[in-house]
Amino acid sequence: MSLEPREPPEPEFRPHRIAVLALDGLLPFELGIPHRIFGRPKDAERRHLYEVITCSIRPPGPVRTDADFSVHVQNGPEALATADTVIIPASYELGPVFEQGVLTDELAAALAHIRPGTRLASICTGVYVLAAAGLLDGRPATTHWAEAEHLQRLFPRIKVDADVLFVDDGDVLTSAGVAAGIDLCLHMVRRDHGTAVANEVARRTVVPPHRDGGQAQYIHRPVPDPQLATTTSARAWALGRLHEPIQLRDMAEQEAMSVRTFTRRFREEVGVSPGQWLAQQRVERARHLLESTDLSVDQVARNAGFGTAQSMRQHLQTALGVTPTAYRRTFRAGDDGTDSGRTDSGRTERYGEAGALR
């Protein structure tokens with residue numbers, strides 16, 4: 001009598017649990033961002049890839065917002081112990097956390113529930129909580145540009161970058177103000193499950209899957225006659241021919257500007273130089289082709305405008321910390337795009353930064 005070998009049982013499906021920490025004085029818009037973005041992704045069997053819960057630093061009950069209403073939070077701080085990712089949105093009532101850089105006893109006790117190895121993220125001034133807990137010492141981080149100088153002064157051991165929309169430092173991620181929280185959450189979906197899944201979430205949320213430039217474009221500066229001309233047509237022209245060599249003078253000609261004027265206008269509108277923007281767009285094109293086609297690495301490099309596989313490899317290594325082959329293996333493990341891993345490589349990724357891609 002022979003016993004046929006049994007196939008190992010499939011691991012039980014469990015969605016990635018995200019706990020959103022609601023603090024008094026929170027901004028309702030930012031509180032809703034994680035629920036909106038992470039509540040969308042599903043696998044091929046229509047199962048939610050994430051489970052999002054909201055918790056307070058106190059027992060279940062009302063939490064004040066900066067609006068004329070409160071929100072009733074059903075989970076206390078013990079829920080943080082069940083999270084795979086904890087997200088801390090902004091609050092206008094951080095008190096000693098914002099003013100002195102120290103946690104209140106209540107907040108410190110709540111954060112103590114978080115398990116080692118949990119991924120942490122903040123939106124806008126939520127970064128002050130991570131900083132006061134000592135979780136950002138010696139690490140890069142960002143926040144709303146209006147608070148960046150204060151954050152750096154209060155926490156001199158943090159490498160504050162006020163020019164970016166968000167910073168991914170592996171297990172800790174921080175974003176700039178308000179809408180940059182959407183950029184950050186979409187990036188986390190992209191990191192977890194690939195570009196196709198993140199793009200679908202963005203389409204359903206009616207937001208761009210990736211925003212150009214950094215915070216510099218949103219800081220008010222006196223610019224003479226900013227409406228005389230824009231670089232929109234040149235960008236659209238370039239996106240239609242990323243596979244071709246594109247010179248700066250070619251883009252400037254689309255707007256009938258000198259190269260010098262065009263470069264200045266472009267940086268004012270987008271937040272990065274034309275060359276940096278082109279590199280960003282080509283990286284995004286390469287990611288899409290690596291995920292969604294069976295083209296060879298050489299073919300992807302040509303279609304994305306890098307010319308050679310070596311050039312594309314260098315750009316992806318700089319931007320993502322992985323090679324094209326490794327990226328494809330991660331996000332094409334299953335045709336449904338659900339058997340994916342992460343591109344973590346122990347390196348910091350800054351997004352929207354002038355000079356992030358060269």
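Data block above holds the structure.
About the cut-offs
Residues numbered from 1 in each chain as written. Predicted model: local features only at pLDDT ≥ 70, side-chain atom pairs only at ≥ 80, totals over all residues. Heavy atoms only, no water. Helix = DSSP H or I, 4+ residues; strand = E, 2+ residues; numbered from the N terminus. Buried < 20%, exposed > 50% of the residue type's maximum accessible area, 1.4 Å probe, protein only. Axes fitted to C-alpha atoms, helices over the stretch in contact; angles between N-to-C directions. Parallel < 35°, antiparallel > 145°, perpendicular 65-115°, else oblique. Left-handed = near helix turned anticlockwise from the far one by under 90°. Contact = heavy atoms within 4.5 Å. Nonpolar A, V, L, I, M, F, W, Y, C, P; charged D, E, K, R; others polar. Polar contact = N/O pair within 3.5 Å; in protein donor to acceptor, adjacent residues only side chain to side chain. Phe/Tyr/Trp six-rings, centres within 6.5 Å; stacked < 30°, edge-to-face > 60°. Lys NZ or Arg CZ within 6 Å of the ring centre and 35° of its normal. Patch = residues over 30% accessible without salt bridge, like charges linked within 9 Å, V, L, I, M, F, W, Y side chains within 5 Å. Areas by Shrake-Rupley, 256 points an atom, 1.4 Å probe, with all protein chains shown as cover. Salt bridge = Lys/Arg side-chain N within 4 Å of Asp/Glu carboxyl O. Lys, Arg positive; Asp, Glu negative; His and termini not counted. Charge placed at Lys NZ, Arg CZ, Asp CG, Glu CD. Pairing = 2+ DSSP bridges.

*Asks:* Would you mind going over unusual backbone geometry in detail, with residue names and values included?
*Replies:* Of note in this structure, Arg46 is not a glycine but carries a positive phi near 65 degrees. In this structure, Arg46 sits in the loop between α1 (28-38) and β2 (50-56). Overall, Arg46 belongs to the exposed group, its relative accessible area being 58%. Unlike most non-glycine residues, Cys124 shows phi in positive territory, near 55 degrees. Mapped onto the elements, Cys124 comes out in the loop between β6 (119-122) and α4 (127-132).

*Asks:* How would you explain the packing of helix α6 (residues 180-193) against helix α7 (residues 195-205) if you had to name every residue and give the values?
*Replies:* Here α6 crosses α7 at 150 degrees, and the two axes come no closer than 7 Å. Classified by the angle their axes make, α6 and α7 are roughly antiparallel. You can see that α6 and α7 cross each other, and the crossing is right-handed. Each of Leu186, Val189, Arg190 and His193 in α6 lies in contact with α7, whose residues at this interface are Thr195, Val197, Ala198, Val201 and Ala202. Classifying every residue of the contact of α6 with α7 by side-chain character gives 6 nonpolar, 2 polar and 1 charged.

*Asks:* Give a description of the side chain of Asp161 that names residues and reports values.
*Replies:* Within the element layout of this structure, Asp161 appears in the loop between β8 (159-160) and β9 (166-168). Here Asp163 takes part through its backbone nitrogen, which lies 3.0 Å from a polar atom of the side chain of Asp161.

*Asks:* Break down helix α14 (residues 324-331) for me, citing the residues and quoting the values.
*Replies:* Buried residues dominate α14, accounting for 6 of its 8 residues. Turning to α14, its buried residues are Pro324, Ala326, Tyr327, Arg328, Thr330 and Phe331. On its buried face, α14 sits against α6, α7, α11 (274-292), α12 (297-304) and α13 (309-320).

*Asks:* Any chance you could break down the packing of aromatic side chains for me, citing the residues and the numbers?
*Replies:* All told, the structure shown has 5 aromatic pairs when counted by the stated rule. Consider the rings of Phe38 and Tyr50, whose centres lie 4.9 Å apart with planes at 65 degrees: the pair is edge-to-face. With Phe38 in helix α1 and Tyr50 in strand β2, this residue pair connects regions lying 12 residues apart in the sequence. With respect to burial, Phe38 and Tyr50 carry one shared label: buried. Here Phe266 and Trp277 contribute two aromatic rings whose centre-to-centre distance is 5.7 Å and whose plane-to-plane angle is 70 degrees, an arrangement assigned as edge-to-face. Taken together, the positions of Phe266 in helix α10 (residues 259-270) and Trp277 in helix α11 put the pair 11 residues apart, joining distant regions of the chain. Trp277 shares its class with Phe266; the two are buried. A network of ring pairs unites the aromatic residues Phe98, Tyr128 and Phe155 as a single cluster. Looking at Arg235, its charged tip hangs above the ring of Phe266, at a distance of 5.9 Å from the centre.

*Asks:* How would you explain the side chain of Arg191 if you had to name every residue and give the values?
*Replies:* Here Arg191 shows up in helix α6. Arg191 sits in the buried class, given a relative accessible area of 3%.

*Asks:* Go over a positive patch on the surface, please, and point to the residues and values.
*Replies:* On the surface, a cluster of positive charge is contributed by Arg36, Arg40, Lys42 and Arg46. Secondary-structure assignment places Arg36 in helix α1. Note on Arg36: relative accessible area 37%, which makes it partly exposed.

*Asks:* Quick one: what's the story with the pairing of strand β5 (residues 85-88), residue by residue and with numbers?
*Replies:* Of the two faces of β5, the one holding Thr85 and Ile87 and the one holding Val86 and Ile88 are both buried throughout. With 3 bridges joining them, strand β1 (residues 16-22) and β5 adopt parallel strand pairing. Along β5, the bridge assignment pairs Val20 with Ile87. Of the pairings in the sheet, the one linking β5 to β6 comprises 4 bridges and is parallel in character. From the neighbouring strand, Ile88 faces β6, where its bridge partner is Ser122.

*Asks:* Describe in detail the pattern of salt bridges, supporting the description with residues and values.
*Replies:* All chains considered together, the criterion is met by 20 salt bridges. Ionic pairing is found between Arg153 and Glu149, a salt bridge with its closest N-O pair at 3.7 Å. Note that Arg153 and Glu149 are positioned in helix α5 (residues 148-154) at a spacing of 4 residues, about one turn of the helix. Look at Arg153 and you get exposed, because its relative accessible area is 55%. Between Arg241 and Glu244 there is a salt bridge, with the nearest N and O atoms lying 3.8 Å from each other. Taking the relative accessible area as the measure of exposure, Glu244 reaches 33% and is therefore partly exposed. In the salt-bridge network here, residues are joined through shared partners; they are Asp24, Arg58, Arg64 and Glu93.

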